[in-house]
Amino acid sequence: GDSVTQMEGPVTLSEEAFLTINCTYTATGYPSLFWYVQYPGEGLQLLLKATKADDKGSNKGFEATYRKETTSFHLEKGSVQVSDSAVYFCALVSGNTPLVFGKGTRLSVIA
Amino acid sequence: DAGVTQSPTHLIKTRGQQVTLRCSPISGHKSVSWYQQVLGQGPQFIFQYYEKEERGRGNFPDRFSARQFPNYSSELNVNALLLGDSALYLCASSLMGPSNTEAFFGQGTRLTVV
């Protein structure tokens, strides 16, 4: 079945450092790909998405490119802030299937 | 506009009891999905309802059931609670059917089974 694999955390960075969180997927067909963020004590918020190969999703300085050839959707940000500390989930949906999530990567940014 | 609202936010139940969780979708959204998020894991799909009909079910036992009402709100019921049912239960609403392309999540209900 469909699946998503994320790099394991936690990831700890200093403020203004460059962030990469790796995500690869396995899916039949042509999935849409998502990054969700979960701040402490809250639900999930959609951060960005891409619906076809080579699309780049971006929001709040974060970006990710849908790479069909490597089945990847890595999340990047050029300069992280303390307020970016959260858990990040990569997810996909394919056809009529529900969202399939990775296990999440906890990011801690220290001042 | 109100987002997805879930109630209660927290609750504590004893093993063997039954629990009902509630979700109100965003106005105009006709699809509601339920997910279970165990600590340290990603959300796992439980149910999806669209236009008051069940459109998908995840790999959960029959102790889990759900329904969607004419106003598109939804309830998730769990019978005979086990310690392992302790989790954050998330509701997501989307405008259209099962594709879930634009799913918006509520804050979740934190269930603790003791």
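As a reminder, the structure under discussion sits directly above these lines.
Within each chain, residues carry numbers counting from 1 in the order of the written sequence. In the order they appear in the text, chains get letters beginning with A and ligands get numbers beginning with 1. Residue-level local features of this predicted model are given only where pLDDT is at least 70; pairs of side-chain atoms are given and counted only at 80 or more, and the full residue set underlies all totals for whole chains, interfaces and linings. Values reported for side chains reflect all heavy atoms of the structure, with hydrogen atoms and water molecules removed beforehand.

Caption draft 1: How the structure looks around the pattern of salt bridges. Residues and elements named next belong to chain B. We define a salt bridge as a contact between a side-chain nitrogen of Lys or Arg and a carboxyl oxygen of Asp or Glu at a distance within 4 Å. Scanning all chains against the criterion turns up 8 salt bridges over all chains. Linking lysine 30 and glutamate 51 is a salt bridge whose minimum nitrogen-to-oxygen distance equals 3.4 Å. Of this pair, lysine 30 sits in the loop between strand S3 (19–24) and strand S4 (31–37) while glutamate 51 sits in the loop between strand S5 (44–50) and strand S6 (53–57); the two residues are 21 residues apart in sequence, bridging distant segments of the chain. The class of glutamate 51 is partly exposed, set by a relative accessible area of 26%. A salt bridge links arginine 63 to aspartate 85; the nearest nitrogen and oxygen atoms lie 2.8 Å apart. Residue arginine 63 is located in the loop between S6 and strand S7 (64–68), and its partner aspartate 85 is located in the loop between strand S8 (74–78) and strand S9 (87–94); the two are separated by 22 residues in the primary sequence. Summarising the burial analysis for this pair, arginine 63 and aspartate 85 share the class buried. One salt-bridge network, held together by shared partners, links Arg22, Arg67 and Glu75. Put simply, DSSP marks the helices as runs of H or I at least four residues long and the strands as runs of E at least two long, and each gets a number from the N terminus on. A 1.4 Å probe rolled over the protein chains alone gives each residue an accessible area, and that area as a share of the maximum for its type sets the label: buried under 20%, exposed over 50%, partly exposed in between.

Caption draft 2: A look at the nonpolar core. What makes a nonpolar core is a set of buried Ala, Val, Leu, Ile, Met, Phe, Trp, Tyr and Cys residues whose side-chain atoms join them at distances within 4.5 Å. In this structure, Trp35, Leu48, Phe73, Leu75 and Tyr88 of chain A are the most contacted members of the largest nonpolar core, which totals 26 residues. Breaking this core down by element, the ones donating at least two residues are strand S2 (11–14), strand S3 (19–21), strand S4 (23–26), strand S5 (32–38), strand S6 (44–50), strand S8 (62–65), strand S10 (86–93) and strand S12 (105–110) of chain A. Among the elements that make up this core, the one with the highest residue count is S10 of chain A (4 residues). The next biggest cluster of nonpolar side chains, apart from the first, holds 22 residues, and it includes Val4, Val78, Ala87 and Val113 of chain B.

Caption draft 3: Looking closely at the interface of chain A and chain B. At the interface, 18 residues of chain A touch 18 residues of chain B. Across the chain A to chain B interface the summed buried area is about 1500 Å²; carbon plus sulfur atoms make up 54%. Polar contact is defined as a pair of N or O atoms within 3.5 Å, subject to the rule that within protein one atom must be able to donate a hydrogen and the other to accept it, and that residues adjacent in sequence are counted only when both atoms are side-chain atoms. Put simply, chain A and chain B have 4 residue pairs in polar contact (both at pLDDT 80 or more) between them. For the side of chain A that touches chain B, the secondary structure elements donating two or more residues are S5, S6 and S10 of chain A. As a working rule, the residues Ala, Val, Leu, Ile, Met, Phe, Trp, Tyr, Cys and Pro are called nonpolar, Asp, Glu, Lys and Arg charged, and the rest polar, with Gly in that last group. Broken down by class, the residue content of the side of chain A that touches chain B amounts to 9 nonpolar, 6 polar and 3 charged. We call two residues in contact when some of their heavy atoms are within 4.5 Å. What counts as buried area is the accessible surface, traced by a 1.4 Å probe, that two parts surrender upon association, with contributions from both included.

Caption draft 4: Quick peek at the state of the cysteines. Residue and element names in this part refer to chain B. Note on terminology: pairs of cysteine sulfur atoms within 2.5 Å are recorded as disulfides. Tallying each qualifying case throughout the model produces 2 disulfides over all chains. Between the sulfur of cysteine 23 and that of cysteine 91 lies a disulfide, 1.8 Å long from S to S. Between cysteine 23 and cysteine 91, the S-S dihedral sits near -65°, and the bridge is therefore left-handed. Taken together, the residues span a long stretch of sequence, with cysteine 23 in strand S3 and cysteine 91 in strand S9 at a distance of 68 residues.

Caption draft 5: Representation of the pairing of S5 of chain B. All names here are of chain B. The buried count for S5 comes to 6 of 7 residues, which makes it a mostly enclosed element. Pairing of S4 with S5, which is carried by 6 bridges, proceeds in the antiparallel orientation. Bridge pairing in S5 links serine 33 to glutamine 48. Strand pairing is defined by DSSP finding a minimum of two bridges between the two strands. In sequence, S4 turns back onto S5 through a hairpin of 6 residues, with glycine 40 there showing a positive phi of about 85°. Strand direction decides the pairing type here: S5 and S6, joined by 4 bridges, are antiparallel. Residue pairing in the sheet places glutamine 48 in a bridge with glycine 56 of S6. The hairpin turn running from S5 into S6, its antiparallel successor, is 2 residues long, and glutamate 51 in that turn takes a positive phi close to 50°.

Caption draft 6: A look at the pairing of S4 of chain A. All names here are of chain A. Only one face of S4 is buried: it carries Cys23 and Tyr25, and the other face, with Thr24 and Thr26, is open. Relative to S4, strand S1 (residues 3–6) runs antiparallel, the two being bridged by 4 bridges. The residue bridging threonine 5 from the neighbouring strand is threonine 24, located in S4.

The values are spatial; any link to function lies outside them.
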